[in-house]
Amino acid sequence: MNRRCWPLTPPFHPFLMQIEHINGSILVEDTVENLAPAEFLVTYITTTNGGRTVIGHVKNSGNSPVTIKTVLVNGQDVTSQICLPSDKQVAAGASLWWSVDMCDTVASGDVVSVVTLTQEGPVAVGAIRAVREVFPIGAWPKSYDCALPGMGGGDAWKAANKEGLTMLYANHGMGKNCGGDGDAESTIDIINQQSLSWKNFGVMIETKDAVDPSLNVTTNVWAAMMADEDDAGHLDSGIQNKLSESVSIRRANPAIPSFQGGATERRDGVFAGIADIQSVDAYSAACAPHYINFFDKIPLTLPLGYIDNTRLNNMPMPTWPYSQFLDDMWPEVPRSVALEAQIAYTVAGGGKGLMLFQSGIKQAMEGKHKSAETWKNTGRLFHSIAAVKEVLRTGEVFSVPAALTDGSDSKVIARAIAGPEGIVVIVINDHEWGYNGQVCYIHLADFWHMSKTKKASTVRITIPTTVGVQEAFEVVDGDMKAFSDVSVDSSSRSLKIRDISFEDGEVVKMYFLQFTP
């Protein structure tokens, strides 16, 4: 089911549901009499502190508050160990997060289940397979970039590292194609021989390498790609094939999470949950193909809707959405404005990592297509994302409200991601102009531009009762700069970030509200 299908058109017809084991036995057989979306949900589960701590997020989408009675993690009652509001209530429309130290360490690949019981009756249930505790800024490399450590041309690797990339998709045979050093002729050889020396860097590999018995060093293998845009193909065979691949990865290397990319809104929910990590690509620049009617003008914000939809379908599991990047196979190569916006959308949409298509490392080093300027500008944004990556990874978007106050510029997007360490506030300029998807093919109106905002804006953040804000920072090129243009209303527990404005060509601002320890 896809969440876009609600509400189901009445009358609702009961149907028989069966869950069959691979050996042919029937595990579940029941008639579904009524089907309606749950209003109390587990929206995200993750681990931190090397698997010793589990973090859970729940949201009450109903019209009435619910009172938490019991929280179970892997069947263990942890209610007395977590920090809850004094009345233990989750108000209508509100969210709540908690963290708990576990007796048994959760390793990558382990199942983590969360059950939240309420006094009023609604139950929120969710489960994940734990993934690596990383927030990758990953890229699908151009075939000639060869930026994997140990592939001869160290300049490309150094440039990628300086830009802020922390993961590359190392496809099968990449090592041999790029002339690996010494005996490192295959991707697996390079990983086995050199990956333990990599610091803050990992790879995504193909399924065929993830299940290869010769792969014996997997610490810095952060994921295995099962498919790209698999929801655009045949449903029945596609679902069965991808499910089979996912199971094969789990059997061969349980610690390596499976990853799949998507491309559609309508089918996204059908494939959700097959892989441990879900992605989606929808691009809004450079005449890149998309599923919007050709005669409809697409906005720069197009990807954000796809990213939101993917998160809703895949929760409580993580997403690593794609952003368009420096690929020269499109009629034009995207410029800085379009890429900074699309990169910001991956984070604003709740991504727990991000992927870039494609890397364009040598292209940027050689200054082609104005890529050097774009590389520099996007690098600043990557550095800022990296500075707050743990908050982005462990937090959840919409956990706290982020609202523009009256009188703010209406063409500004504000979102907040909140978790145990603090709140990241992302503000994105939406005064875009100049691009037209119908005529960019003939090199007319083929680049996005960004105008300055018409007036300053104020973003109001509601602070939960269980935490306090110690300090506010603006995050600039990875640096935390003390920021004093804030006001606090203790009666409403709200904090305002004031006088936010953008100049011509300026796309995104990022703030960090650090909680009191």
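These notes cover the structure that comes with them. All values reported here derive from a predicted model rather than from experimental measurement.

## Let's talk about the overall build of the chain
- Looking only at helices and strands, one finds eleven helices and 30 strands in the chain.
- Since a compact globule built from 517 residues should have a radius of gyration of about 24 Å, the 23 Å found for the chain is in line with a globular shape.
- Expressed as lengths along the three principal axes of its C-alpha atoms, the size of the chain is roughly 65 × 65 × 50 Å.
- Per-residue burial over the chain gives 54% buried out of 517 residues.
- Approximately 22,300 Å² of the chain is accessible, and the part contributed by carbon and sulfur atoms is 50%.
- Charge centroids of the chain, computed over 41 positive and 58 negative side chains, lie 4 Å from each other.

## A short note on unusual backbone geometry
- Between M315 and P316 the backbone carries a cis peptide bond, its omega angle lying at 15°.
- Cis geometry marks the peptide bond from F357 to Q358; its omega dihedral reads -5°.
- Tracing the backbone through its elements, the reader meets Q358 in the loop between β18 (354-357) and α9 (361-365).
- In this structure, K88 takes a positive phi of about 60° despite not being glycine.
- Here K88 lies in the loop between β6 (76-77) and β7 (89-90).
- Since its relative accessible area comes to 36%, K88 is described here as partly exposed.

## Brief notes about the nonpolar core
- Counting residues in hydrophobic clusters, the biggest one holds 78 residues, and the most contacted among them are L165, V203, L354, I385 and I428.
- Residue contributions to this core peak at nine residues, all from helix α8 (residues 336-348).
- Excluding its chain neighbours within four sequence positions, the residues that come into contact with I428 are A344, Y345, A348, K411, V412, I413, F502, V507 and V508.
- If you look at the next biggest cluster of nonpolar residues, it comprises 24 residues, including V42, V90, V112 and A124.

## With respect to the sheet that holds strand β3 (residues 40-48)
- Spatially, the three strands line up as an open sheet ordered β3-β4-β8, and their pairing is antiparallel. In the strand order of this sheet, the two ends are held by β3 and β8 (95-101), each with one partner. The sheet shows a mean angle of 20° between the axes of neighbouring strands, direction not considered.
- In this sheet, strand β4 (residues 53-60) lies alongside β3 in antiparallel orientation, the contact comprising eight bridges. By the bridge assignment, T47 is partnered in β4 with V54.

## Examining helix α10 (residues 371-387)
- Along its 17 residues, α10 runs 24 Å from first to last C-alpha, staying within 8% of the 24 Å computed at 1.5 Å per residue.
- Residues S371, T374, W375, N377, T378, G379, L381, F382, S384 and I385 constitute the buried set of α10.

## Here's the deal with the packing of aromatic side chains
- All told, the structure shown has 14 aromatic pairs when counted by the stated rule.
- Consider the rings of W157 and F201, whose centres lie 4.6 Å apart with planes at 75°: the pair is edge-to-face. In this pair, W157 sits in helix α1 (residues 154-163) while F201 sits in the loop between α3 (187-194) and β13 (202-206), placing the two residues 44 residues apart along the sequence.
- Between the aromatic rings of F259 and Y322, the centroid separation amounts to 6.4 Å while the plane-to-plane angle is 70°, which identifies the pairing as edge-to-face. Separated by 63 residues along the polypeptide, F259 in strand β15 (residues 258-260) and Y322 in strand β17 (residues 322-324) bring together distant segments of the chain. Y322 shares its class with F259; the two are buried.
- Three or more aromatic residues joined by ring pairs make a cluster, and in this case those are W140, Y169, Y283, W330 and F357.
- K352 extends its terminal NZ or CZ atom over the ring of Y44, reaching a point 4.3 Å from the ring centre.
- If you follow K509 out to its NZ or CZ, it ends over the ring of F502, 5.5 Å from the centre.

## With respect to the pattern of salt bridges
- Scanning the entire structure with this criterion turns up 13 salt bridges.
- K142 is paired through a salt bridge with D328; the nearest N and O atoms lie 2.9 Å apart. Linking K142 in the loop between β11 (137-140) and α1 with D328 in the loop between β17 and α8, this pair joins segments that are 186 residues apart in sequence.
- You can call D328 partly exposed: its relative accessible area is 32%.
- Three or more residues joined by partner-sharing salt bridges are found here, namely R129, R250 and D276.

What counts and how
Residues numbered from 1 in each chain as written. Predicted model: local features only at pLDDT ≥ 70, side-chain atom pairs only at ≥ 80, totals over all residues. Heavy atoms only, no water. Helix = DSSP H or I, 4+ residues; strand = E, 2+ residues; numbered from the N terminus. Rg over C-alpha atoms; globule rule 2.2 N^0.38 Å. Buried < 20%, exposed > 50% of the residue type's maximum accessible area, 1.4 Å probe, protein only. Areas by Shrake-Rupley, 256 points an atom, 1.4 Å probe, with all protein chains shown as cover. Lys, Arg positive; Asp, Glu negative; His and termini not counted. Charge placed at Lys NZ, Arg CZ, Asp CG, Glu CD. Core = buried A, V, L, I, M, F, W, Y, C linked by side-chain atoms within 4.5 Å. Contact = heavy atoms within 4.5 Å. Pairing = 2+ DSSP bridges. Axes fitted to C-alpha atoms, helices over the stretch in contact; angles between N-to-C directions. Expected span 1.5 Å × (residues − 1). Phe/Tyr/Trp six-rings, centres within 6.5 Å; stacked < 30°, edge-to-face > 60°. Lys NZ or Arg CZ within 6 Å of the ring centre and 35° of its normal. Salt bridge = Lys/Arg side-chain N within 4 Å of Asp/Glu carboxyl O.

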